[in-house]
Amino acid sequence: MTRPRRDPRAERAAARTAGAERPRYDLGAKASASRRPRRDPRTEAASQRVPGAARLRLDRSQFGVVPVLAAHAPERPAEKAPPKPVIVENPDFLVLVAPDMAGGRLGEHDRQLFGAARELAGKTGATFALVGAASPDLGPAGADRIAIAARDPDAYDPDGRAAEIVAAMRALDPRHVLFAESADGGDLARRVAVLTGEPLFADAEQVSASALGRPARCRKVEQRSAPTRLVTVAADCVASYAGAPREARLETVELSTDRTGAAGAIVSARLIPADPATVPLALADFVVSAGNGVTDLDLFARVVAALGATPGASRVLCDAGLMPRDRQVGASGTVLGATCYFALGIAGAPQHLQGVADCEHIVAVNTDLHAAMIARAGLGIIQDAQLVMPAILKELERERGDRP
Amino acid sequence: MKLVVLLSVGRHPVSGKPALPRTEAQAIRIAAELGASIGLHVGPDAFPAEAALGHGLDRAVHLACAGGPDPIGPLVARIATEAPDVVLAGRRGQGGEETGLAPYAVAARLGVPIVPDAVAIRPAGDGLVEVDQALPKGALRRLVVRTPLVVTVHPNAPAPLPYAFGKARRGSIERVDAAAADLAAVAPAPEERPYRKRPKMMRAAGGSAADRLKAVTGEATAGGAKILDGPTPEDAAKEVLAFLRRVGVLAPAGAGATGPTA
Ligand SMILES: Cc1cc2nc3c(=O)[nH]c(=O)nc-3n(C[C@H](O)[C@H](O)[C@H](O)COP(=O)(O)OP(=O)(O)OC[C@H]3O[C@@H](n4cnc5c(N)ncnc54)[C@H](O)[C@@H]3O)c2cc1C
Ligand SMILES: Nc1ncnc2c1ncn2[C@@H]1O[C@H](COP(=O)(O)O)[C@@H](O)[C@H]1O
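## Quick word on the domain arrangement of chain A
If you check the domain split of chain A, you get domain 1 (94–250) and domain 2 (281–402). Of note, the centres of domain 1 of chain A and domain 2 of chain A, computed from C-alpha atoms alone, are 36 Å apart.

Shown next as structure tokens:
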């Protein structure tokens with residue numbers, strides 16, 4: 001036996017508190033450092049207590065905040081400084097990235113594109129993003145260098161954009177050039193491929209430094225090859241970059257393009273937004289949805305029309321026949337891709353929340369402070385939906401009246 | 001207006017039998033409604049030409065060659081002699097490499113512009129056509145483009161006309177051997193192996209079941225929320241409208257119409 005023998009008597013004597021007439025022992029302080037810290041259910045419960053409520057309420061999600069006795073609480077690390085950006089000073093090679101950045105913002109697909117680019121660049125390479133406008137998100141997304149394209153990002157000029165990328169390829173000589181396999185990115189990649197005459201590895205689903213993989217022949221076979229120069233990356237197949245933020249150093253690149261051939265063939269381009277009232281739910285950009293807490297559906301329809309939104313509903317209303325089935329949001333209805341979701345009187349059952357998981361911004365009106373929909377929302381309003389809806393109509397009316 | 005539709009041999013995704021890709025059948029409908037149009041196919045098989053007649057064309061050209069070579073050379077040569085206003089193609093092939101590069105290569109070799117993802121084409125007078133291009137989220141871009149041009153068709157275009165046997169019998173197929181000078185070998189295909197389905201990427205794979213549920217419902221991304229407990233309905237309305245304007249889904253106050261009532 002190598003373990004020293006315990007002496008309970010001496011341990012107890014050491015825990016005796018001085019000064020008291022009657023022997024008193026502070027046994028809580030006893031547990032040795034090598035042991036697992038001792039839990040104290042009483043302090044745990046006290047730390048989970050929601051302040052202010054008349055009735056005892058415990059917030060169980062606070063579990064682990066003060067899990068151990070104060071005497072054993074580990075040293076809290078000092079306030080963490082924001083992580084230093086990773087700098088690649090002299091990259092061995094470059095990976096050029098052409099994100100879509102619709103509306104000047106980095107989308108999910110763009111982030112995955114940077115994830116793929118970082119995968120190809122490894123430790124010694126650098127990712128180089130050619131963007132229409134700088135964005136603070138580029139560094140955290142995984143861009144080592146950025147350059148701003150000279151062209152107007154809102155004009156429709158795919159040939160000009162392709163010529164610019166070819167110019168950047170000439171100036172930087174990147175080892176890989178990555179595009180998103182989206183409507184715009186896929187088009188751009190194919191234009192660049194025919195301009196440079198290089199093969200394109202389209203729709204890559206697996207990206208690693210050693211091999212790329214893509215589906216072909218109706219997804220019956222998978223084609224693999226060593227990373228080629230031009231690659232388009234499919235959506236939702238590659239993880240976005242999750243490491244420390246990169247530097248996103250701004251550089252200037254000579255982007256002189258010699259526009260020849262078909263330049264100027266496009267006489268005019270006009271954007272026609274989708275009609276929100278008739279667009280399918282899955283395509284809608286802004287959805288206003290009613291749940292069991294909404295009783296006046298005529299009023300709801302007027303609010304939806306006034307906001308210029310697409311109507312939606314929870315399953316309760318669709319089951320009751322108050323809303324058509326194709327308006328149901330959720331696991332057994334439609335999964336939305338909207339930018340903003342406005343939920344009126346919806347509790348936020350998991351089956352409903354699955355349908356709005358991809359929505360960036362959520363507004364919820366509910367009478368219940370503890371509804372899951374309110375917990376998920378970016379703006380939660382604890383009020384009767386039947387009162388808020390006419391107030392919104394009145395407010396819009398007033399604004400229109402104020403206009404000269 | 002004179003149109004050419006590029007036809008390829010597709011495979012049915014389930015049965016694996018030869019089938020005309022759906023976007024090409026949609027292209028045939030667009031072309032047939034616009035004017036005199038012919039179908040054009042390069043390859044060993046006359047099947048796409050026959051299918052095209054059944055779906056609504058009166059005439060198809062089959063440039064026969066042994067299987068394997070690059071179809072771009074013969075396609076470009078024939079299109080140059082036909083001199084059409086608009087060349088229509090599918091967005092991607094189906095059952096082959098599925099890279100969607102062929103229309104771009106044809107446009108580059110002809111030196112004409114290419115417009116991808118069209119759902120409708122209308123003549124706009126005097127050497128111009130109006131092309132409606134499908135964008136994500138149901139939006140459209142309406143382009144006015146100078147002819148000649150190459151257009152690829154988006155799956156959201158009007159559904160193809162049904163196959164009619166009598167129409168396929170009445171139409172004519174012109175079979176020509178492709179000039180050997182136009183034929184070039186294609187780059188060898190990369191290594192192939194059976195397709196393996198991989199698990200879908202999850203936003204944040206957490207440790208516990210509760211974490212995974214949060215990842216599915218999006219609660220993991222929630223945070224920085226603003227909760228108003230019991231505001232007056234008027235304050236609530238102002239707050240909601242301000243939020244909607246901040247995230248950019250509602251036009252700013254006084255900036256004109258939002259919705260049909262405005
Ligand atoms: C297999 C399965 C699949 C399902 N799929 C779906 C699906 O796809 N989509 C879906 O939505 N549901 C689905 N459900 C149902 C889901 O579980 C819930 O029952 C449903 O979402 C609840 O709808 P609700 O929030 O509108 O109603 P309720 O749960 O009744 O909630 C109403 C909410 O409104 C609030 N409220 C009440 N009065 C007012 C007022 N005057 N002003 C403001 N707020 C008020 C309440 O506080 C409450 O939070 C599915 C269920 C199952 C079992
Ligand atoms: N052999 C061919 N003959 C005529 N058209 C073709 C041929 N191959 C491809 N195309 C056209 O090019 C489109 C895209 O094909 P792909 O580049 O193979 O994905 C197809 O939808 C056809 O319209």
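## Overview of the interface of chain B and chain A
Chain B puts 83 residues into the contact, and the matching count from chain A is 84 residues. Counting the surface lost from both chain B and chain A, the interface buries some 7100 Å², and carbon and sulfur atoms represent 60% of this. For the chain B face of the interface with chain A, the top three residues by lost area are B:Lys137, B:Tyr195 and B:Met201, together amounting to 10%. Linking chain B to chain A there are six salt bridges. Taken together, the connections running from chain B to chain A amount to 33 residue pairs in polar contact (both at pLDDT 80 or more). Mapped by element, the contributors of at least two residues to the side of chain B that touches chain A are helix H4 (102–110), strand E7 (114–123), strand E8 (128–134), strand E9 (140–146), strand E12 (191–194), helix H6 (209–217), strand E13 (226–229) and helix H7 (233–246) of chain B.

## Things to note about the side chain of B:His62
Residues and elements named next belong to chain B. Along the polypeptide, His62 turns up in strand E5 (residues 59–64). Taking the relative accessible area as the measure of exposure, His62 reaches 1% and is therefore buried. If sequence neighbours within four positions are ignored, His62 has contacts with His41, Gly43, Pro44, Asp45, Ala46, Ala49, Ile173, Glu174, Arg175 and Val176.

## Quick word on the site of ligand 1
All names here are of chain A. Looking at ligand 1, there are 25 residues lining it, with Ser314, Ser332, Ala347, His352 and Asp384 nearest. Interatomic distance of 3.0 Å between a backbone N/O atom of Gly345 and an oxygen atom of ligand 1. Here Thr367 contributes a backbone N or O atom positioned 3.3 Å from a nitrogen atom of ligand 1. Looking at the shell around ligand 1, the elements that each hand over two or more residues are helix H8 (315–319), helix H9 (350–353) and helix H11 (385–402). Looking at the shell around ligand 1, its residues break down into seven nonpolar, 15 polar and three charged.

The rules behind each value
- Residues numbered from 1 in each chain as written.
- Chains lettered and ligands numbered in written order.
- Predicted model: local features only at pLDDT ≥ 70, side-chain atom pairs only at ≥ 80, totals over all residues.
- Heavy atoms only, no water.
- Domains from an automatic or database assignment.
- Contact = heavy atoms within 4.5 Å.
- Buried area = accessible area lost by both parts, 1.4 Å probe.
- Salt bridge = Lys/Arg side-chain N within 4 Å of Asp/Glu carboxyl O.
- Polar contact = N/O pair within 3.5 Å; in protein donor to acceptor, adjacent residues only side chain to side chain.
- Helix = DSSP H or I, 4+ residues; strand = E, 2+ residues; numbered from the N terminus.
- Buried < 20%, exposed > 50% of the residue type's maximum accessible area, 1.4 Å probe, protein only.
- Near = heavy atom within 4 Å.
- Nonpolar A, V, L, I, M, F, W, Y, C, P; charged D, E, K, R; others polar.

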